[in-house]
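Chain residues, written in single-letter form:
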Amino acid sequence: MRGRRPLFVGNWKMFKTPEDTRAYVDAFRIMAAELVAQADIALAAPFVDLDALRVALEGSTIGIGAQDCFWEAEGAFTGEVSAPMLSALGVQYCIVGHSERREFFGETDETVSLKISALLGGNITPIVCVGETHAEHHAGTSFARVEQQLHGALGSLSDAERAAVVVAYEPVWAIGTGLACDAESADTIMNFIRRSAGGLDEARIIYGGSMKPANATALCAQPNIDGGLVGSASLDPAEFLSLISCGLQVLDAR
Ligand code: PGA
C-alpha cells in the first residue's frame, strides 16, 4: 500500500462559462458520488467560474481549484487575483507553473516559488507543474530540466511544506497532443522527482499530458503515479469520470 490518496484534477483551461459550469456539475456530482470515497477529485476552473463551482458543489467533497494566483495578498496589481481571495471563495487547490503560463505569460521558477508560498500561507494546495519541452526531451535533458524546475519551485520550502504540495509531471510535448508519455517512462521520471527533491515521499505526484480513459489504467498502475491532471478529457463530465474509474481500478488495488 502506498498510503497516498489518489488525486484527479480537471484542468478546464480557458473553457466554460458559469452557466456551462452549473450544467457540468449537475451531471458530474451525481455520477461521481461513488468515486469520491476512493479519491480526491477537483475541478480547476477559470476565475470567473469559481463562484458558480462553489455554489454548485455545496455539500459535495469535490474540490474547487484555480489555475493561477498572484503572490501578494492585495495591492495595486491590476488584473491579478491573490491566494486570500481564492481562499475566501473556498478554493482548495491551485495550479502553478503550468507550461502554458510559462510559455505565454512569463511564468518563471522564481514566480512559481513565490506563488507556492502564498498558497501554502492561505491553506490552498499548490499543484506545481514541471516537465520538459519537446526539444529537451529529444536532447536527453528531461531529468536536468525537471530537477531545475523542482529546485526553483521547492528549494526554499521545509520538508513539511513540501509534503503539502502536489507535483504534476507534465511533459510539454504530451499536453494536448493526444500522445501521452508511455507509462514506464513517466514512472521513471516521477520516481526521480520523488527522490531528487527530498521531502516528497508523502506528497502526491500526478501525471498530466493527454491522459485519457484509454491510458489511465496503465499510467496509474505505475508505483509513482498517484493520479492525473487532466485537460481535454476533463471537459466532458462522463469522459472525466470514466478516466477516474479506469485509474482507480489499479490505484485502489494497491
Ligand atoms: P491535456 O492537458 O490533458 O489536454 O493534455 C493537460 C494539462 O495541460 O494540464
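Up top is the structure these notes are about.
None of the values given here were measured: they were computed from a predicted structure.

Chemist: Give me the layout of surface pockets: which residues, what numbers.
Modeler: Computed from the structure, the largest pocket encloses a volume of approximately 610 Å³. If you trace the largest pocket, you find 25 residues lining it, with F47, Q67, D68, R101 and F105 closest to the centre. When grouped by side-chain class, the residues that make up the lining of the largest pocket number 11 nonpolar, 6 polar and 8 charged. Of the pockets and cavities examined, the second largest pocket occupies roughly 200 Å³. K13, I175, G176, G231 and S232 are, among the 19 residues lining the second largest pocket, the residues nearest its centre. Looking at the lining of the second largest pocket, its residues break down into 8 nonpolar, 8 polar and 3 charged.

Chemist: Before we move on, could you go through the pairing of strand 1 (residues 7–11) and cite the residues and values that matter?
Modeler: The element strand 1 is extensively covered by neighbouring structure, given that 5 of its 5 residues are classed as buried. Residues L7, V9 and N11 line one face of strand 1 and the alternating positions F8 and G10 line the opposite face, and both faces are buried. Sheet analysis places strand 1 next to strand 2 (residues 40–44), joined by 5 bridges and oriented parallel. Along strand 2, the bridge assignment pairs V9 with A42.

Chemist: Before we move on, can you summarise unusual backbone geometry with the specific residues and values?
Modeler: Despite not being glycine, K16 has its phi angle at roughly 85 degrees, a positive value. With respect to the helices and strands, K16 occurs in the loop between strand 1 and helix 1 (18–32). For S210, which is not glycine, the phi dihedral falls at a positive 60 degrees. Relative to the helices and strands, S210 is located in the loop between strand 7 (204–208) and helix 10 (213–220). Its relative accessible area of 8% is what places S210 among the buried residues.

Chemist: Summarise the environment of W12; cite the residues concerned and give the values.
Modeler: The topology assignment puts W12 in the loop between strand 1 and helix 1. Judged by its relative accessible area of 0%, W12 falls in the buried class. Sequence separation of W12 and A44 is 32 residues, and the distance between their C-alpha atoms is 6.1 Å. Not counting the four nearest positions on each side in its chain, W12 is found in contact with T21, Y24, L43, A44, A45, P46, L53, Q67, S234 and L235.

Chemist: Pulling in residues and values, what's your account of helix 1?
Modeler: The first and last C-alpha atoms of helix 1 sit 20 Å apart over 15 residues, in line with the 21 Å expected at 1.5 Å per residue. Where helix 1 is concerned, the buried positions are T21, Y24, V25, F28 and A32. Each element contacted by the buried residues of helix 1 is listed here: strand 2, helix 2 (50–56) and helix 11 (237–251).

Chemist: Residues and numbers for the sheet that holds strand 1, please.
Modeler: Strands sit in the order 1-2-3-4-5-6-7-8 around a closed barrel of 8 strands; the barrel is parallel. The average angle at which neighbouring strand axes cross in this sheet is 25 degrees, direction not considered. Relative to strand 8 (residues 227–230), strand 1 is paired through 4 bridges, and the arrangement is parallel. Bridge pairing in strand 8 links G10 to V230. On the sheet, helix 11 packs against strand 1, strand 2 and strand 8 and is oriented at approximately 160 degrees with respect to strand 1.

Definitions and cut-offs
- Residues numbered from 1 in each chain as written.
- Predicted model: local features only at pLDDT ≥ 70, side-chain atom pairs only at ≥ 80, totals over all residues.
- Heavy atoms only, no water.
- 1 Å grid on protein atoms, 1.4 Å probe; cavity = no way out; pocket = protein on both sides within 12 Å on 5 of 7 lines; lining within 4 Å.
- Points joined across faces, edges and corners; volume = space filled by probe spheres on them.
- Nonpolar A, V, L, I, M, F, W, Y, C, P; charged D, E, K, R; others polar.
- Buried < 20%, exposed > 50% of the residue type's maximum accessible area, 1.4 Å probe, protein only.
- Helix = DSSP H or I, 4+ residues; strand = E, 2+ residues; numbered from the N terminus.
- Pairing = 2+ DSSP bridges.
- Contact = heavy atoms within 4.5 Å.
- Expected span 1.5 Å × (residues − 1).
- Axes fitted to C-alpha atoms, helices over the stretch in contact; angles between N-to-C directions.

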